[in-house]
Amino acid sequence: MKFEMINRKIDDSNPIEFGTIFSKSFELFKKVWVQGFIILLLTMVCILPFYILAYLPLIAAGITDPEMLQHEELSLPIIIGLIVSIPIVMIAVMTISLGFMAAFLRICKIKDFNENSGDDYFFYFKNGRLRKLVILASIYLGLTVLGMLTCGIGLIYLMVPLSLIPALLAFNDELTPMEIVKASFQLGNKNWLVIFGLLLVMGFLAELGIILCFVGLFFTAMLSKVPVYYVYKDGIGFSAEEGLESA
């Protein structure tokens, strides 16, 4: 869909309903919990090397001069190395997370409409989409930093529109990164309180997997992401070109 059409759909849509999305999310999760588990594992495996990269200056210093790490102050080369590596690592981690989250929401749509498409977990890392992911990750990180500068208050507000970015990315291949962000804020602002409540409640329920010796968390964690699919479906819908009914 074009950006202007998405704007009109958001403006014309009815407010989303907490109870409806809450119940439908559980039903859909029964169909996608395995894919959610795989997405979570893939995300962890792919971001692990970048976390190691972030600590590479400290690891190198520990190998070359073990006594240096015993001092309270770090040397200038290590500080410079951390300043350079940490932003790169954070953008890389955010890029990976957004790509896999968009793939999970795409799978949610496939299962919801009983489509015949396969579960392509790396769909948004191929065919020239990686550049858009990197730009979106940079914007996402920048907004998160701005929210943190407001003593965390801004993060509470940003939590809603930022959570919608993967959905706008997943279902609107033609939108630019800035258009995705603008549409996420527009949809989020219209239904902020309901979406915030959904994220809070479903996030709490997803954490209940900790009860099963923490292992269960790997199977329930993605439950908190399913409502985002229905927020998009009910708030914007899918175009006729996709062969789907508009929500």
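The paragraphs below set out a description of the structure included in this document. As the structure is a computational prediction, the values presented were derived from the model and not from experiment.

Before going further, it helps to spend a moment on the overall build of the protein chain. Secondary structure assignment for the protein chain yields 10 helices and zero strands. Going residue by residue from the N terminus, the α and β elements of the protein chain occur as α-α-α-α-α-α-α-α-α-α. The burial tally for the protein chain puts 45% of its 247 residues in the buried class. Taking contacts inside the protein chain between residues at least 6 apart in sequence as the whole, the part at least 24 apart equals 75%. Of the roughly 12900 Å² that the protein chain leaves accessible, carbon and sulfur atoms contribute 70%.

Owing to its 3.6 residues per turn, the α-helix brings residues three or four apart onto one side. What helix H1 (residues 3–12) keeps buried is the set Phe3, Ile6, Asn7 and Ile10. In a view along the axis of H1, the buried residues occupy a sector of 105°, so they form one face of it. Turning to H1, the residues buried within the fold contact helix H6 (153–171), helix H7 (177–190) and helix H10 (226–235).

Of the volumes computed, that of the largest pocket is approximately 760 Å³. The wall of the largest pocket is formed by 27 residues, among which Met101, Tyr140, Ser163, Ser224 and Lys225 lie closest to the centre. Breaking the lining of the largest pocket down by element, the ones donating at least two residues are helix H2 (18–54), helix H4 (76–112), H6 and helix H8 (192–206). With eight residues, the single largest contributor to the lining of the largest pocket is H4. Considering only residue class, the lining of the largest pocket consists of 20 nonpolar, five polar and two charged.

This paragraph deals with a nonpolar patch on the surface. Taken together, Trp33, Val34, Ile38, Leu41, Met44, Phe218 and Phe219 make up a surface patch of nonpolar side chains, about 530 Å² in accessible area. The set of elements that each furnish at least two residues to the nonpolar patch consists of H2 and helix H9 (217–220). When residues in the nonpolar patch are grouped by element, the largest group, five residues, is from H2. Within the secondary structure, Val34 is located in helix H2. According to the relative accessible area criterion, Val34 is partly exposed, its value standing at 37%.

Position of Val231 relative to the elements: it lies in helix H10. When its relative accessible area of 2% is taken as the criterion, Val231 is described as buried. When the C-alpha positions of Val231 and Ile195 are compared, they lie 7.6 Å apart, and in sequence the two are 36 residues distant. Here Val231 is in contact with Ile16, Ile21, Leu164, Leu187, Ile195, Leu198 and Ile236, once residues within four sequence places are set aside.

Right, let's talk about the environment of Leu141 for a bit. In this structure, Leu141 sits in helix H5 (residues 130–149). For Leu141, a relative accessible area of 18% translates into the label buried. With 50 residues separating them along the chain, Leu141 and Ile91 place their C-alpha atoms 7.0 Å apart. In this view, Leu141 contacts Pro87, Met90 and Ile91; residues no more than four positions away in its chain are not counted.

On to the packing of H6 against H10, then. The interhelical angle for the contact between H6 and H10, taken along N-to-C directions, is 60°, at an axis separation of 9 Å. As far as their axial angle goes, H10 and H6 are oblique. As for the relative orientation of H6 and H10, their crossing is right-handed in sense. Together, Ser163, Leu164, Ala167, Leu168 and Phe171 of H6 and Val228, Tyr229, Val231 and Tyr232 of H10 make up the contact between the two elements. By residue class, the composition of the contact of H6 with H10 is eight nonpolar, one polar and no charged.

Using the criterion set out here, one finds six salt bridges in the structure. The partner of Glu115 in a salt bridge is Lys109, and the shortest N-O contact between them spans 3.2 Å. In this structure, the salt-bridge partner of Asp120 is Lys126, at a minimum N-O distance of 2.7 Å. Take Lys126: its relative accessible area is 37%, and that puts it in the partly exposed class.

Cut-offs applied
Residues numbered from 1 in each chain as written. Predicted model: local features only at pLDDT ≥ 70, side-chain atom pairs only at ≥ 80, totals over all residues. Heavy atoms only, no water. Helix = DSSP H or I, 4+ residues; strand = E, 2+ residues; numbered from the N terminus. Buried < 20%, exposed > 50% of the residue type's maximum accessible area, 1.4 Å probe, protein only. Contact = heavy atoms within 4.5 Å. Areas by Shrake-Rupley, 256 points an atom, 1.4 Å probe, with all protein chains shown as cover. Arc of directions from axis to C-beta. 1 Å grid on protein atoms, 1.4 Å probe; cavity = no way out; pocket = protein on both sides within 12 Å on 5 of 7 lines; lining within 4 Å. Points joined across faces, edges and corners; volume = space filled by probe spheres on them. Nonpolar A, V, L, I, M, F, W, Y, C, P; charged D, E, K, R; others polar. Patch = residues over 30% accessible without salt bridge, like charges linked within 9 Å, V, L, I, M, F, W, Y side chains within 5 Å. Salt bridge = Lys/Arg side-chain N within 4 Å of Asp/Glu carboxyl O. Axes fitted to C-alpha atoms, helices over the stretch in contact; angles between N-to-C directions. Parallel < 35°, antiparallel > 145°, perpendicular 65-115°, else oblique. Left-handed = near helix turned anticlockwise from the far one by under 90°.

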